[in-house]
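Here's the letter readout for the chains.
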Amino acid sequence: MSTVLPDPTSPPSERAVEDALRSAEAGAPLEPRQAEALLAARGPSDGEPLDRLLRLASAVRDGGLVAAGRPGVVTYSRKVFVPVTTLCRDRCHYCTFVDTPLQLARAGRAPFMTEEEVLALTRDGAALECKEALFTLGDRPEARWPEAGQWLDAHGFASTLAYVRHLAVRVREETGMLPHLNPGVMTADELADLRPVAASMGMMLETTSRDLFERRGAAHFGSPDKDPAVRLQVLEDAGAAVVPFTTGVLLGIGETPADRIESLLAIAATARSHGHVREVIVQNFRAKPRTAMRGEPDLALQEYAAALAVARLLLGPDLRVQAPPNLSDPAELVLLLRAGVDDWGGVSPLTPDHVNPERPWPHLDDLARWSAAQGFELRERLALQPEHALDAERWLDPAVRPAVAALAGADGLAVQGRRPVGLAPRRPAA
């Protein structure tokens, strides 16, 4: 008689969820299949499976905050979103950030923001006490679009990353803001070249699913920079380059529960190996109009909460788990805090979320009030986590250290109300 094996794609049984919960409640390390079972926990009311999972995640988070010397603190970064270019060589099926050269031309926009536009935006941000300049852009647009290469050549830059490097230096020197660079896939040499100009960098892993990359019609098909092996190599190279780094997962784009666990375990492994990843974004998919995935359902709230809680258990107490607050409704943030979240990520009082423009940032006073209602104090951090800021000799290039020191308090968090101050603007050559 042949043995019938369980279907790995079928939902776990209630018994499997219960067994995994009991194991976790007993303090045993989670096996991948147990973690996968916990993703199916539902029922946030007292004593139900999801409630028990949330309690476990909250306890791990709370212990980590106590050990870090900031019990009951949830953090955010006051930032300016700088969309250097919306051109990209990739074709992600859920993205509205990207434009084509024709779309830009019709809108009367250049392929890239000019230096003057970037500096004007970041000076306005500094005046509002923003301390992080988030540089977001498409991957290597010159590899797909001749218009991008022509613009760069006309302005004296060999590549998009060379231009980003130049902008980062000017922003840091002239405004005092801390550049956080998010230009997509970078090689080891490029990471090393950008390290002296940035306080931190980032790139979402999103998922380790090869199916989503290789299958026609899937979310990442036709996007060379979304090859999971390439993105995992970036995480390793960033660690070897001693770069404070942010990464994360994007949930609800067609990945399986097993993919979610594999992705989180990969992030946990690289974080343990190098110490460069101190915050992990767990982002929920939101369908957008005019995209190939416009008809796909948003990630359900309880499914999201379970994934956040499992992420907290797998990542442990020492990493910050981040949930973008604008991608959930205000009433839903309570459940996210119960799931072990302790960082809201970047929030801007000046610029929209250009990646999710349909979802405005919450007002910071509201975010503080909502956090306080759950027993948390909202504190501002910098573009890098306090552990990296406090160990600047290891994690920061000497050129960047003074700008970080000028904005950081003794605990490594931002000094509330302190405004970045740069050097005098450069004068044009005579």
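Quick caveat: nothing in here was measured; it's all calculated off a predicted structure.

A word on the overall build of the protein chain
Here is step 1 of the chain: A count of helical and extended segments in the protein chain gives 17 helices and 9 strands.
Here is step 2 of the chain: The C-alpha radius of gyration computed for the protein chain amounts to 21 Å, which stays within 12% of the reference 22 Å derived for 430 residues, consistent with globular compactness.
Here is step 3 of the chain: By its C-alpha atoms, the protein chain is 85 × 50 × 40 Å across when sized along the principal axes.
Here is step 4 of the chain: Counting across all 430 residues of the protein chain, residues that qualify as buried make up 55%.
Here is step 5 of the chain: Measuring between centres, the 47 positive side-chain charges of the protein chain sit 2 Å from its 58 negative side-chain charges.

Some thoughts on the confidence of the model for the protein chain
Here is step 1 of the chain: Taken over all residues, the pLDDT of the protein chain has a mean of 95, while the share at 70 or more is 96%.
Here is step 2 of the chain: Under a pLDDT of 50 for its full length, residues 1-7 has, in the predicted model, 0 contacts with residues more than four places off or in other chains.

Notes on the packing of aromatic side chains
Here is step 1 of the chain: Tallying each qualifying case throughout the model produces 4 aromatic pairs.
Here is step 2 of the chain: Their ring planes at 85° and their centres at 5.9 Å tell us that F112 and Y163 sit as a pair that is edge-to-face. Taken together, the residues F112 in the loop between α4 (101-106) and α5 (115-127) and Y163 in helix α7 (residues 160-175) connect sequence positions 51 residues apart. By the burial criterion, F112 is buried, and Y163 matches it.

Regarding the packing of helix α3 (residues 49-67) against helix α12 (residues 301-315)
Here is step 1 of the chain: Running from N to C, α3 and α12 cross one another at 40°; their axes reach a closest spacing of 9 Å. In terms of orientation, α3 and α12 fall into the oblique class. Between α3 and α12 lies a crossing of left-handed hand. Across the interface between the two elements, L50, L53, L54, L56, A57, V60 and R61 of α3 pack against Q302, A305, A306, A309, V310, R312 and L313 of α12.
Here is step 2 of the chain: Looking at the contact of α3 with α12 residue by residue, the classes come out as 11 nonpolar, 1 polar and 2 charged.

Some remarks on unusual backbone geometry
Here is step 1 of the chain: Even without being glycine, E129 reaches a positive phi, approximately 70°.
Here is step 2 of the chain: Here E129 shows up in the loop between α5 and β2 (132-137).
Here is step 3 of the chain: One non-glycine residue with positive phi stands out, namely E206, at about 70°.
Here is step 4 of the chain: Mapped onto the elements, E206 comes out in the loop between β4 (200-202) and α9 (211-214).
Here is step 5 of the chain: By relative accessible area, which is 10% here, E206 ends up buried.

Some points on the nonpolar core
Here is step 1 of the chain: Counting residues in each nonpolar core, the largest one holds 101 residues, and the members touching the most others are L53, F135, L181, M201, F245, L308 and W344.
Here is step 2 of the chain: With 10 residues, α12 is the largest single contributor of residues to this core.
Here is step 3 of the chain: Not counting residues within four places of it along the chain, the set of residues in contact with L53 comprises L21, L38, A41, A306, A309, V310 and L313.
Here is step 4 of the chain: Membership of the second largest hydrophobic core comes to 14 residues, among which are L178, A392, V400 and A408.

Some thoughts on the side chain of E174
Here is step 1 of the chain: Summarising the element assignment, E174 is placed in helix α7.
Here is step 2 of the chain: Classification of E174 as buried rests on a relative accessible area of 7%.
Here is step 3 of the chain: One polar contact links E174 to R123, side chain to side chain, over a distance of 3.2 Å.
Here is step 4 of the chain: A distance of 2.7 Å separates polar atoms of two side chains, one belonging to E174 and the other to R170.

Examining helix α1 (residues 14-25)
Here is step 1 of the chain: Spanning 12 residues, α1 covers 16 Å between terminal C-alpha atoms, matching the ideal 16 Å at 1.5 Å per step.
Here is step 2 of the chain: Here α1 has its buried residues at V17, A20, L21, S23 and A24. When α1 is viewed along its axis, its buried side chains cluster within an angular range of 165° and face the same direction. Summarising the geometry of α1, the exposed residues directed more than 90 degrees from the buried face are E14, R15 and R22.

Notes on the pairing of strand β8 (residues 343-347)
Here is step 1 of the chain: In terms of burial, β8 is a largely internal element, 5 of the 5 residues being buried.
Here is step 2 of the chain: Bridge analysis of strand β1 (residues 73-85) against β8 gives 3 bridges, and the strand direction is parallel. In the strand pairing of β8, S77 is matched with G346.

About the thresholds
- Every chain's residues receive numbers from 1 upward, in the order its sequence appears when written.
- Given that the model is predicted, a residue must reach a pLDDT of at least 70 before its local features are reported, and side-chain atom pairs must reach 80 or more before they are shown or counted; all residues, however, enter totals for whole chains, interfaces and linings.
- Side-chain measures here rest on the full set of heavy atoms in the structure, leaving out hydrogens and waters.
- Helix numbering and strand numbering both begin at the N terminus, where a helix is a DSSP run of H or I of at least 4 residues and a strand a DSSP run of E of at least 2.
- The quantity called the radius of gyration is restricted to C-alpha atoms. Its globule counterpart is 2.2 Å times the number of residues to the power 0.38.
- The buried label goes to any residue with under 20% of its type's maximum accessible area, the exposed label to any with over 50%, and the partly exposed label to all in between, with areas taken from a 1.4 Å probe on protein chains only.
- Only four residue types enter the charge count, namely Lys and Arg as positive and Asp and Glu as negative; His and the chain termini do not.
- Charge positions are represented by NZ for Lys, CZ for Arg, CG for Asp and CD for Glu.
- Each residue carries a pLDDT value, the predictor's own confidence for that position, ranging from 0 to 100.
- The contact rule is simple, with two residues in contact once any of their heavy atoms fall within 4.5 Å.
- Only the six-membered ring of Trp is used, alongside the rings of Phe and Tyr, when aromatic pairs are assigned; centres must lie within 6.5 Å, and planes under 30 degrees apart are stacked while those over 60 apart are edge-to-face, with the rest tilted.
- Note on geometry: axes are lines fitted to C-alpha atoms, helical ones only across the stretch in contact, with angles between N-to-C directions running from 0 to 180 degrees.
- Any angle from 65 to 115 degrees is called roughly perpendicular, while one under 35 is roughly parallel, one over 145 is roughly antiparallel, and all others are oblique.
- Each helix crossing is assigned a hand: it is left-handed if the near helix lies turned anticlockwise from the far helix by less than a right angle, otherwise right-handed if that turn is clockwise.
- Note on residue categories: nonpolar means Ala, Val, Leu, Ile, Met, Phe, Trp, Tyr, Cys or Pro, charged means Asp, Glu, Lys or Arg, and polar means any other residue, Gly included.
- We call a set of buried residues a nonpolar core when its members are Ala, Val, Leu, Ile, Met, Phe, Trp, Tyr or Cys and they connect through side-chain atoms within 4.5 Å of each other.
- Between N or O atoms, a polar contact is any pair within 3.5 Å; within protein, one atom must be a potential hydrogen donor and the other a potential acceptor, and residues adjacent in sequence are included only when both atoms are from side chains.
- Expected helix span is computed as 1.5 Å times (number of residues minus one).
- What the arc covers is the set of directions going from the helix axis to the C-beta atoms.
- What makes two strands pair is DSSP finding at least two bridges between them.

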